[in-house]
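Summary of the model geometry
Spelled out, the chains give:
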Amino acid sequence: MDGRAGVVHAIEPQRILCQTLAGNVALSSLSQVHCHQAAAGDKEGTIFVPTFDFTKPNNFGALELGKYEAGERVRLMTIDG
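Scope of this entry: the structure provided in the associated data block. Source: prediction; values computed, not measured. (Residues numbered from 1 in each chain as written. Predicted model: local features only at pLDDT ≥ 70, side-chain atom pairs only at ≥ 80, totals over all residues. Heavy atoms only, no water.)

1. Observations regarding unusual backbone geometry
- For Ser 29, which is not a glycine, the phi torsion comes out positive at approximately 55°.
- Assignment of secondary structure puts Ser 29 in the loop between α1 (15-27) and β2 (33-36).
- According to the relative accessible area criterion, Ser 29 is exposed, its value standing at 52%. (Helix = DSSP H or I, 4+ residues; strand = E, 2+ residues; numbered from the N terminus. Buried < 20%, exposed > 50% of the residue type's maximum accessible area, 1.4 Å probe, protein only.)

And the structure:
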């Protein structure tokens, strides 16, 4: 088995990073992977994800979500939902 029999749902709450993820998935011809702009949490809903200037250095992966009151509204989903 080559690993393509299953389905993968990949989530990324930051829009530009989600687009990057989707682009890499497409370039790799991974048709079993579905990319979602969403965040994972303990309940369904929405959260705000701050927007950044991605042309400037930053640690975009160290974002503590759930405490922002402004930004881009993103779907919050549970892992088993």
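Structure's up, so let's keep going.
2. Some remarks on α1
- Here α1 contains 13 residues, and its C-alpha end-to-end distance of 18 Å stays within 8% of the 18 Å for a straight helix at 1.5 Å per residue.
- A positive backbone phi angle near 55° is found at Ser 29, which sits one or two residues after α1. (Expected span 1.5 Å × (residues − 1).)

3. Quick look at the sheet that holds strand β3 (residues 38-40)
- Strand order across the open sheet formed by three strands is β3-β5-β4, with mixed pairing between neighbours. Looking at strand neighbours, the two that pair on one side only are β3 and β4 (45-49), the edges of this open sheet. Between one strand axis and the next, the sheet turns through 45° on average, direction left out of account.
- Examined bridge by bridge, β4 and strand β5 (residues 72-77) share five bridges and lie antiparallel to one another. Within the sheet, the bridge partner assigned to Gly 45 lies in β5 and is Leu 76. (Pairing = 2+ DSSP bridges. Axes fitted to C-alpha atoms, helices over the stretch in contact; angles between N-to-C directions.)

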